[in-house]
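An overview of the molecular structure
Next come the chains, spelled out residue by residue.
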Amino acid sequence: MSVRPDHAAIAALVAPGARVLDLGCGTGDLLAVLVRERGVQAQGIELREESIYQCVEKGLSVHHGDIESGLGEFPDGDFDFVILNQTMQETRNVAFVLKEALRVGKNVIVGFPNMCHWKARVDVFFRGRTPVSRALPYRWHNTPNMHFLSLRDFEEFCAEKGIRVLAARGLTARGPVRWAANLRAETAVYHIARGDNFSL
Amino acid sequence: MPDPAPVSALGVVETRTFAFGERDPLVLASGQTLGPVTLAYETYGALSPDKSNAVLLLHALTGDAHAAGLHAGEPRPGWWDPLVGPGKAFDTEKYFVVCSNVIGGCRGSTGPGSPSAALGGKPYGLTFPVITIADMVEAQRRLMDHLGVPAWLTVSGGSMGGMQALQWAALYPERVRSVIPIATTLKHSPQQIAFDEVGRQAVMADPDWLGGNYYDHGQPERGLAVARMIGHITYMSDQSMEEKFSRRLKNDGFKFSFDAEFEVEGYLRYRGANFVRRFDANSYLYVTRAMDYFDLSGDKLFKPGAPVPRYLVISFKSDWLYPSYQSRDIVAAVRAHRGDVTYVEVHSTYGHDAFLVEYDEQTRLIKSFLAKTREGA
């Protein structure tokens, strides 16, 4: 079975047997990969009801709810890894969601589409249009994305808020990007944790 | 034309009874004792040689042990028939499914209408001790031992059935591998107690109630019917009532009377009249009281040092009698104890009744959840 490059990148960052919470887990494809390949204890949170059924059918434990209302009763540091893959940019209050993720997770993994991929830049600069690409497949009027960011944007944000970046991966559909990631990566995966000057 | 013959994949089944407590009566939460006790139950499927496939189903306020299959001569199959049978959510080809009645009821188990030895064989009436959900579970635990079941693969039920399922987890976590509480709560809220109290007042205000000693005269039918009518309103939603009845009249035009002119009035009267034929008024008092006392909030759902069973918690969006927040409170409690819990709020317009209506969704969830629970043995 072929694994999506972002799923493979995340699986490589997650410790075997870890306790993992996937925020916005969708139909549970990533969690299923993590269970299969890393033997993790998986839990997901998802808003769409139909996706919940598909998670349960994959044997996953999942919570039907909205991550924007917080992770309430989860104790601090309850999970080894909290994952926000292709979710963070769709939330209204990014700072709050990240703060909650970093509260209940000792480690957090964030995956998002790169707004400053060169094709997106071409769309904006030469065609004068909002980018539409493999990683940003939506039109301006139907995109679920609330926020558009690049790898550099995210790194600046982390530096500002005292978030430690433990690993950064730029990806295309074909696999990892070795150089000029902010220009060449379609999506990014970051492994982060609370730093000394954490202030979200 | 006669009604079509009722169909159930399980065919004809029978309610059985288990008698116990002649010498070792139940010691109740109130401190009183109850014995001898009869408990009605049904079973479907077979217990596996390693005894690991037993499932316990528990019913709501006015339900009974007849969860599935047909009773000879009755027009409808059991109350959860679409979920229980070969290939269904509770697959009787894989699982040994038990459905137990409750003490205090009137559907084959010992309750206020049963003969009391102290009264020379006359019905207990109000001399029957006030019972709790924990007392019901204690009686079911005796049945479990009688059936030779070491641990339940799952314990499940809707509404009061869900309360019993949670109570099982609280009392015997080492004998419960998973719990599926549906449309239920960790504790009865003031609103829920209030509706129960109005129902009880309707029964007790009926002059035919006679302080509970009506067994020689006949039921307090009007009061019990009103209690049931109130119940039915709380089981539906505004939308489901609109869809089912709207403002439709039974006849053309207003009659300018207090007859049942609207269809909804006719429905409630019909339900009320039917109910008094099958349910004992005193049982209504005792069983609603047991629900009102139910409270497993705080840490009472957990036993120190015992494993936390897996949970599948299901609520229904339009259920205003047992709102979703109450199910989320169950989830929060299990999470706080690092338990493995799945929660789904099913989009349904049927209100509290949804657990007896929305079978496709419940089947998808329960089937996979049970398979996973069994696999993790």
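Predicted model only: the values in this text are computed from it and were never measured.

Some words on the overall build of chain B
Scanning chain B from terminus to terminus reveals nine helices and 12 strands. On C-alpha atoms alone, chain B measures out to a radius of gyration of 21 Å, which is about the 21 Å that the 2.2 N^0.38 rule sets for 377 residues. For chain B, the residues scored as buried account for 51% of the 377 residues in total. Taking as baseline every contact in chain B between residues at least 6 positions apart, the subset at least 24 positions apart corresponds to 72%.

Focus on the overall build of chain A
On a plain count of helices and strands, chain A comes out with seven helices and eight strands. In terms of overall size, chain A behaves like a compact globule, its C-alpha atoms giving a radius of gyration of 16 Å where 200 residues would be expected to give roughly 16 Å. The C-alpha extent of chain A, read off along each of the three principal axes, is 50 × 40 × 30 Å. A total of 200 residues make up chain A; the buried ones form 42% of that total. Contacts in chain A between residues far apart in sequence, at least 24 positions, make up 62% of those at least 6 positions apart.

Points about unusual backbone geometry
All names here are of chain B. The peptide bond linking G35 to P36 adopts the cis configuration, its omega dihedral lying at -5 degrees. Secondary-structure assignment places P36 in the loop between β3 (33–34) and β4 (37–44). Positive phi, close to 60 degrees, is recorded for K51, a residue that is not glycine. As for its position among the elements, K51 is in the loop between β4 and β5 (54–58). Look at K51 and you get partly exposed, because 14 C-beta atoms sit within 10 Å.

Considering the environment of D22 of chain A
Residue placement: D22 of chain A occurs in strand β1 (residues 19–23). Each C-alpha atom, one on D22 of chain A and one on F81 of chain A, is 8.4 Å from the other, the two residues being 59 residues apart in sequence.

Looking at the interface of chain B and chain A
In this assembly, 16 residues from chain B lie in contact with 14 residues from chain A. Elements with a contribution of two residues or more to the side of chain B that touches chain A: α8 (324–336), β12 (341–346) and α9 (359–375) of chain B. Along the lines of polarity and charge, the residues of the side of chain B that touches chain A split into eight nonpolar, three polar and five charged.

Focus on the packing of helix α3 (residues 49–57) of chain A against α9 of chain B
One way to put it is that α3 of chain A packs onto α9 of chain B with a least axis distance of 8 Å and a crossing angle of 25 degrees. The angle between α3 of chain A and α9 of chain B places the two elements in the roughly parallel class. The two elements α3 of chain A and α9 of chain B meet at a crossing, and its hand is left-handed. Between α3 of chain A, through Y53, V56 and E57 of chain A, and α9 of chain B, the contact on the second element is made entirely by R364, L365, S368 and F369 of chain B. Classifying every residue of the contact of α3 of chain A with α9 of chain B gives four nonpolar, one polar and two charged.

A word on helix α3 (residues 190–205) of chain B
Along an α-helix, residues three or four apart share an orientation, since each turn contains 3.6 residues. Residues and elements named next belong to chain B. The first and last C-alpha atoms of α3 sit 22 Å apart over 16 residues, in line with the 22 Å expected at 1.5 Å per residue. All of the buried residues in α3 are F195, D196, G199, A202 and V203. All buried residues of α3 fall inside an arc of 115 degrees around its axis, so they share one side. When the buried face of α3 is taken as reference, the exposed residues oriented beyond 90 degrees from it are P190, A194 and A205. Looking at the buried side of α3, the elements it contacts are α4 (221–235) and α7 (281–293).

Side note on the nonpolar core
Residues and elements named next belong to chain B. Among the nonpolar cores identified, the biggest contains 158 residues, and V55, L57 and V97 are the most heavily contacted of them. Both domains that furnish three or more residues to this core are identified here as domain 1 (16–188 + 295–375) and domain 2 (192–290). In this view, L57 contacts A67, W80, F90, V97, V98, C99, S156 and G157; residues no more than four positions away in its chain are not counted.

Notes on helix α6 (residues 263–278) of chain B
Residue and element names in this part refer to chain B. Compared with the 22 Å implied by 1.5 Å per residue over 16 residues, the 23 Å span of α6 between its first and last C-alpha is a close match. When we look at burial in α6, the residues that qualify are L268, G272, F275 and V276. Down the axis of α6, the smallest arc covering the buried residues is 95 degrees, so these residues share one side. For α6, the exposed residues set more than 90 degrees away from the buried face come down to N274, R277 and R278. Where the residues of α6 are buried, they touch α4.

A look at the domain arrangement of chain B
Residue and element names in this part refer to chain B. Looking at the assigned domains, one finds that chain B contains domain 1 (16–188 + 295–375) and domain 2 (192–290). Put simply, the middle of domain 1 and the middle of domain 2, counted by C-alpha atoms, are 25 Å apart. Listed per partner, the contact involves 27 residues of domain 1 and 21 residues of domain 2. Residue composition of the side of domain 1 that touches domain 2, grouped by class: 14 nonpolar, 12 polar and one charged.

Let's talk about the pairing of strand β8 (residues 187–194) of chain A
Residue and element names in this part refer to chain A. β8 sits mainly inside the fold: six of its eight residues count as buried. Where strand β5 (residues 105–113) meets β8, six bridges bridge the pair, whose relative direction is antiparallel. Considered in β8, the bridge of I109 is made with H191. Where strand β6 (residues 163–172) meets β8, eight bridges bridge the pair, whose relative direction is antiparallel. Residue R169 lies in a different strand from β8, and its bridge partner there is V189.

Details of the environment of A89 of chain B
All names here are of chain B. If you trace the backbone, A89 turns up in the loop between β6 (84–85) and β7 (90–91). Considered as a pair, A89 and S324 are 235 residues apart in the sequence and their alpha carbons are 22 Å apart. Not counting chain neighbours up to four residues away, the residues in contact with A89 comprise L83, Q362, T363, I366 and K367.

Calculation rules
Residues numbered from 1 in each chain as written. Chains lettered and ligands numbered in written order. Predicted model: local features only at pLDDT ≥ 70, side-chain atom pairs only at ≥ 80, totals over all residues. Helix = DSSP H or I, 4+ residues; strand = E, 2+ residues; numbered from the N terminus. Rg over C-alpha atoms; globule rule 2.2 N^0.38 Å. Buried ≥ 20, exposed ≤ 12 C-beta atoms within 10 Å, placed from the backbone. Contact = placed C-beta atoms within 7 Å. Nonpolar A, V, L, I, M, F, W, Y, C, P; charged D, E, K, R; others polar. Axes fitted to C-alpha atoms, helices over the stretch in contact; angles between N-to-C directions. Parallel < 35°, antiparallel > 145°, perpendicular 65-115°, else oblique. Left-handed = near helix turned anticlockwise from the far one by under 90°. Expected span 1.5 Å × (residues − 1). Arc of directions from axis to C-beta. Core = buried A, V, L, I, M, F, W, Y, C linked by C-beta atoms within 7 Å. Domains from an automatic or database assignment. Pairing = 2+ DSSP bridges.

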